[in-house]
Amino acid sequence: MAHDQSSTHSETRRQLQMARSMCWHCQSEMSGEYFCERCVKVQPVSKDTDYFTCLGFPRRLTLDPKKLEAKFYELSRAFHPDFYQTKSPTEQTISLGNAAVLNTAYRTLRDPIQRAEYLLALEAGSVKDIRTSPPADLFEEILELQDTLDQYRASDHDSDEGHRLRAMLQGEQQTLERRREEMESQLQQLFTDWDELQDRGEATSQARAERDRILKHMRDLLSNRTYVNNIVNDLAATIA
Amino acid sequence: MARIVGIDLGTTNSLIAYMKDDQPCVVPDRHGRTMVPSVVALTDNGLIVGDSAREHLTRNPERTVYSVKRFMGKGLVDVQSELAYFPYHLSETGGVIRIRLGPKNYSPPQISAMILKELKRRAEAHLGESLTKAVITVPAYFNDSQRQATKDAGLIAGLEVLRIINEPTAASLAYGLQEKTQGTIAVYDFGGGTFDISILKLKDGIFEVLATNGDTHLGGDDLDRVLVDLFVEEIRDQRGIDIGSYPDHMQAIRLEAERAKIRLSDELKTEITIELPEDKGRFTRELTRDQLESLVVRIIECTLAPCRIALKDAGLTPNDIDEVVLVGGSTRMPLVRQRVEALFGKVPHCHLNPDEVVALGAAVQADILSGGTTDMLLLDVTPLSLGIETMGGVMSSLIRRNTTIPASAKEMFTTYVDGQTGVDIHILQGERELVKDNRSLARFRLKVPPLPAGVPRIEVTFLIDANGILNVTAKDMRTGQSQSIEVKPSYGLSDTEVERMIEDSFKFAAEDVSARKLIEARLDADALVKTTEKSLAEAGHLASTEEVNGIRTALALLSTAKDGTDARLIRARMADLEQAAKHLNVVMLDDSLKKSLHGKKVSDV
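Residues numbered from 1 in each chain as written. Chains lettered and ligands numbered in written order. Predicted model: local features only at pLDDT ≥ 70, side-chain atom pairs only at ≥ 80, totals over all residues. Heavy atoms only, no water.

## Topic: the overall build of chain B
Line of reasoning, step 1. Assigned secondary structure in chain B consists of 15 helices and 30 strands.
Line of reasoning, step 2. Residues counted as buried form 55% of the 605 residues belonging to chain B.
Line of reasoning, step 3. Long-range contacts, defined as pairs at least 24 residues apart, comprise 65% of the intrachain contacts of chain B with a sequence gap of at least 6.
Line of reasoning, step 4. Total accessible area computed for chain B in this model is approximately 26900 Å², and 50% of it derives from carbon and sulfur atoms.
Line of reasoning, step 5. Taking the average place of the 73 positive charges on the side chains of chain B and the average place of its 87 negative ones, the gap between the two points comes to 1 Å. (Helix = DSSP H or I, 4+ residues; strand = E, 2+ residues; numbered from the N terminus. Buried < 20%, exposed > 50% of the residue type's maximum accessible area, 1.4 Å probe, protein only. Contact = heavy atoms within 4.5 Å. Areas by Shrake-Rupley, 256 points an atom, 1.4 Å probe, with all protein chains shown as cover. Lys, Arg positive; Asp, Glu negative; His and termini not counted. Charge placed at Lys NZ, Arg CZ, Asp CG, Glu CD.)

In structure tokens:
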């Protein structure tokens, strides 16, 4: 099976890491995933282990939530501090750290948006940047909305004018929610594109260009969606 | 591994439970009572706890502490609005409330430790072994300071607190074990002083908390106060008496209000009787359930908003909830049940005793920790967002509320000025934007090597452990050196203070034991005096004058001993009296036998 460059790179690094790492307890070479095969002691999740690897999933954007949950429960049973109360202090510390990593990993991968943002950070090395100005196609609309919002905030909410503005804002909220849904379905399409590309596993320059296109488009969409999402939340809070 | 017990340290009552043949059970006292009133009284004979202390609420209100849980992890300013309701004197030192009992001041963890010790003693007597490890429950919505204060109380009581667990989740463990519940459940826990709602998913032995919310200052106490306020006002208007200035009568009113509220869960109306001060007679009135409900409906509705937020945070609607479980004494009120049913659209259930279910769950968790069972696992969440103060007095969230614990977040810190040697960090908990609207948890100073601005890189890890308690560690990324951090709690005892309290507690343990022995000896002596006097009155004529005189002398000697402080002397005098009255008792027994046989035919015997 072939991988694209960056994923192959991290895979190799991970394998090296595994081969090099030794059990903290019996010093034997580690081959098991989280438990030493010789002395059965729990091993700390490596700092370089990404959340997909931690939960035993490939870097795909469509994950079966049931399988993810089952894996999370399985690993929780393996790591949770409740089951280490009678063990040594070192094992207790490892269990606590591992459980915390596992919880973060599950929380991140469970949510499709957070999952995509995380993958983007892994693949393109970017941290999610939240836009501070509206996306171009929404520029006019958002400016108008801000005006209406200001007017509503200044108005007597029980007056006719207040009611009229509120109705307008409710309309706007619905429009923006639809807009958010559109972006989410576009994202969904990109997720599928990404997964298919990964599954094909071609190492051609065409595949690399396709990979870059998906990642860039995804980044723009995620950033626009976050922007719209914040506006919707703010709007909902104002007229609630 | 040594036995671990489960403790429900409640606002009104506390219980201790353990696992017996795979089933949790609550430890009863000699009379079969499972609840220990969370009341501590300072009497002339020393500190007493529980039922006997409860009697001092009206006799000795200034020296009898109740509802101490409301003060855990708090400063005086937090309870300012309700100071008038408490007859005992409160002050504050180092961000911690102090309660005056006689000549000394006690912190809330110390008072709670006395209750814990009483529970520990009771369980030790019941199980015939010494106990040193415990799981203690707290309201799910308790913040870090309140949890830490509970842990401190355990330490002071000589208990290693292996886990602090949330009351509603403890209840779900008990239900999961006994009812084999599966699916999504809502636990509505309305107790004496606190309210919690937790939404959980139960699947294959995993108890995953999806969201929790609540109010740590909302409970049965608040319902009682509405009634107290009403009665005080009526007594003033109708009888012209300012009863608020009589602490003992105020306590009597509070207890009467509580009793009336409880009665009205079963009855539609009840009679209120309050003795007035200075021989002014009695105040009586009828109170109907309707009247009670219209008075407290506003408070009960305060529990509904947290339920809605918890549902929203869990991403669920009421329809998604398979079962609603009721926990806590206040859920016995029909109005509470109606409102809960209306909100969730299903009949809530409470197959397990709502007073005992939390302690039972704590025993189940204790069993999990001791390796007794690996079938069940609780995945709980942190109830409040954790963050740090940033520029402009704004809180920056690091760990959001309802994050599964253990949870950790890392943050990198650097310097803004050349040669700066420290960075001050202020840790907060809460959901609001501004620092001033959130709860200050602690402050600490990060040590930084003097370098040009921006060069130092110190990584701080904020870790919320399985108890929901924060641990902070720091590492210099340039040198890889870890540094120890001295965190100064905003509303908690310092480590040195807790250590001193533990020492004090050991020092006074010997005194406590002798005080207890004295109290018990006196109680037993009282009982013996009473029965002997009764025997003398009923059967004195059957004994010789010499014998009667002997008994009277022994009685007098016992009375004198009872006024002293030597428990062994009291016991010795009791033995003397028993010896002196031995013959009389035999004679009495014969006499009563004769009487019962009198008039009966031999064939009937």
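## Considerations on the nonpolar core
Line of reasoning, step 1. Of all hydrophobic cores here, the largest spans 94 residues; its most connected members are Leu55, Phe79, Leu109, Leu176 and Met218 of chain A together with Val357 of chain B.
Line of reasoning, step 2. The element best represented in this core is helix α8 (residues 205-239) of chain A, accounting for twelve residues.
Line of reasoning, step 3. Not counting the four nearest positions on each side in its chain, Val357 of chain B is found in contact with Ala170, Ala171, Ala174, Tyr175, Val327 and Leu352 of chain B.
Line of reasoning, step 4. Formed by 57 residues, the second largest nonpolar core is a distinct cluster that contains Val39, Met72, Tyr88 and Tyr106 of chain B. (Core = buried A, V, L, I, M, F, W, Y, C linked by side-chain atoms within 4.5 Å.)

## Some points on the confidence of the model for chain A
Line of reasoning, step 1. Residues of chain A with pLDDT of at least 70 account for 88%, and the chain-wide mean is 84.
Line of reasoning, step 2. When pLDDT is averaged over each element of chain A, helix α3 (residues 65-79) of chain A comes out on top at 95 and helix α1 (residues 5-20) of chain A at the bottom at 43. (pLDDT = per-residue confidence, 0-100.)

## Brief notes about the pairing of strand β21 (residues 386-390) of chain B
Residues and elements named next belong to chain B.
Line of reasoning, step 1. Judged from the five bridges that link them, β21 and strand β22 (residues 394-399) form a sheet pairing that is antiparallel. Bridge pairing in β22 places Glu389 opposite Met395.
Line of reasoning, step 2. The antiparallel pairing of β21 with β22 creates a hairpin that spans three residues between the two strands, and Gly392 there sits at a positive phi of about 80°.
Line of reasoning, step 3. Both β21 and strand β25 (residues 422-429) contribute to a ladder of three bridges, which runs antiparallel. If you follow Gly387 over to β25, its bridge partner there is Leu428. (Pairing = 2+ DSSP bridges.)

## What about helix α5 (residues 167-179) of chain B?
Residues and elements named next belong to chain B.
Line of reasoning, step 1. With 13 residues, α5 should cover 18 Å at 1.5 Å per step; its first-to-last C-alpha distance of 18 Å lies within 8% of that length.
Line of reasoning, step 2. The element α5 is extensively covered by neighbouring structure, given that eleven of its 13 residues are classed as buried.
Line of reasoning, step 3. All buried positions along α5 are accounted for by Glu167, Pro168, Thr169, Ala170, Ala171, Ser172, Leu173, Ala174, Tyr175, Gly176 and Leu177.
Line of reasoning, step 4. Just past α5, the residue Lys180 takes up positive phi, approximately 50°. (Expected span 1.5 Å × (residues − 1).)

## Focus: the domain arrangement of chain B
Line of reasoning, step 1. What the domain assignment reports for chain B is domain 1 (4-218 + 302-379), domain 2 (220-300), domain 3 (384-493) and domain 4 (506-597).
Line of reasoning, step 2. Each of domain 3 of chain B and domain 4 of chain B has a C-alpha centre, and these two points are 65 Å apart. (Domains from an automatic or database assignment.)

## Brief notes about the pattern of salt bridges
In a structure, side chains of opposite charge can pair up when their charged atoms sit close to one another.
Residues and elements named next belong to chain A.
Line of reasoning, step 1. With the rule as written, the count across this model stands at 54 salt bridges over all chains.
Line of reasoning, step 2. We note a salt bridge from Asp150 to Arg153, for which the minimum N-O separation is 3.8 Å. Of this pair, Asp150 and Arg153 both sit in helix α6 (residues 139-154), separated by three residues, roughly a single helical turn.
Line of reasoning, step 3. Judged by relative accessible area, Arg153 falls into the partly exposed class, the value being 43%.
Line of reasoning, step 4. The network of salt bridges with common partners includes Asp50, Arg59, Glu123, Arg211 and Asp212. (Salt bridge = Lys/Arg side-chain N within 4 Å of Asp/Glu carboxyl O.)

## Things to note about the interface of chain A and chain B
Line of reasoning, step 1. Opposite the 20 residues of chain A that make contact, chain B presents 30 residues.
Line of reasoning, step 2. In total, about 2000 Å² of surface goes out of reach between chain A and chain B, with carbon and sulfur atoms giving 55% of it.
Line of reasoning, step 3. Linking chain A with chain B are four salt bridges, by the criterion used here.
Line of reasoning, step 4. Among the salt bridges present, the one from Lys201 of chain B reaches Glu69 of chain A, with a minimum N-O distance of 2.3 Å.
Line of reasoning, step 5. Remark: the boundary between chain A and chain B carries nine residue pairs in polar contact (both at pLDDT 80 or more).
Line of reasoning, step 6. No other element matches the eight residues that helix α4 (residues 89-110) of chain A contributes to the side of chain A that touches chain B.
Line of reasoning, step 7. Split into classes, the residues belonging to the side of chain A that touches chain B amount to eight nonpolar, six polar and six charged. (Buried area = accessible area lost by both parts, 1.4 Å probe. Polar contact = N/O pair within 3.5 Å; in protein donor to acceptor, adjacent residues only side chain to side chain. Nonpolar A, V, L, I, M, F, W, Y, C, P; charged D, E, K, R; others polar.)

## Re the sheet that holds strand β24 (residues 407-413) of chain B
All names here are of chain B.
Line of reasoning, step 1. Pairing in this open sheet of four strands is antiparallel, and the strands run β24-β27-β28-β29 from one edge to the other. Only two strands of the sheet have a single partner each, and these edge strands are β24 and β29 (482-483).
Line of reasoning, step 2. Judged from the two bridges that link them, strand β28 (residues 470-476) and β29 form a sheet pairing that is antiparallel. Bridge assignment links Ala474 to a residue of β29, and that residue is Gln483.

## Section: unusual backbone geometry
Residues and elements named next belong to chain B.
Line of reasoning, step 1. The omega torsion across Ile405 and Pro406 is 0°, close enough to zero to call that bond cis.
Line of reasoning, step 2. Turning to its location among the elements, Pro406 is positioned in the loop between β23 (403-404) and β24.
Line of reasoning, step 3. In this structure, Glu278 takes a positive phi of about 55° despite not being glycine.
Line of reasoning, step 4. Here Glu278 is to be found in the loop between β16 (269-275) and β17 (282-288).

## Let's talk about the environment of Ala99 of chain A
Line of reasoning, step 1. Positionally, Ala99 of chain A belongs in helix α4.
Line of reasoning, step 2. For Ala99 of chain A, a relative accessible area of 4% translates into the label buried.
Line of reasoning, step 3. Taking the C-alpha atoms as reference points, Ala99 of chain A and Arg164 of chain A, 65 residues apart in sequence, are found 52 Å from one another.
Line of reasoning, step 4. Sequence-distant contacts of Ala99 of chain A, defined by excluding residues within four places in its chain, comprise Phe79, His80 and Pro81 of chain A together with Pro406 of chain B.

## Re the domain arrangement of chain A
All names here are of chain A.
Line of reasoning, step 1. With domains assigned, chain A is organised as domain 1 (5-110) and domain 2 (136-239).
Line of reasoning, step 2. Computed from C-alpha atoms alone, the centre-to-centre distance between domain 1 and domain 2 is 36 Å.
Line of reasoning, step 3. The interface is formed by six residues belonging to domain 1 together with nine residues belonging to domain 2.
Line of reasoning, step 4. At the boundary of domain 1 with domain 2, total buried surface from both sides reaches about 640 Å², with 46% on carbon and sulfur atoms.
Line of reasoning, step 5. Ionic pairing is found between Arg60 and Asp199, a salt bridge with its closest N-O pair at 2.8 Å.
Line of reasoning, step 6. Remark: the boundary between domain 1 and domain 2 carries four residue pairs in polar contact (both at pLDDT 80 or more).
Line of reasoning, step 7. For the side of domain 1 that touches domain 2, the residue count by class is one nonpolar, three polar and two charged.

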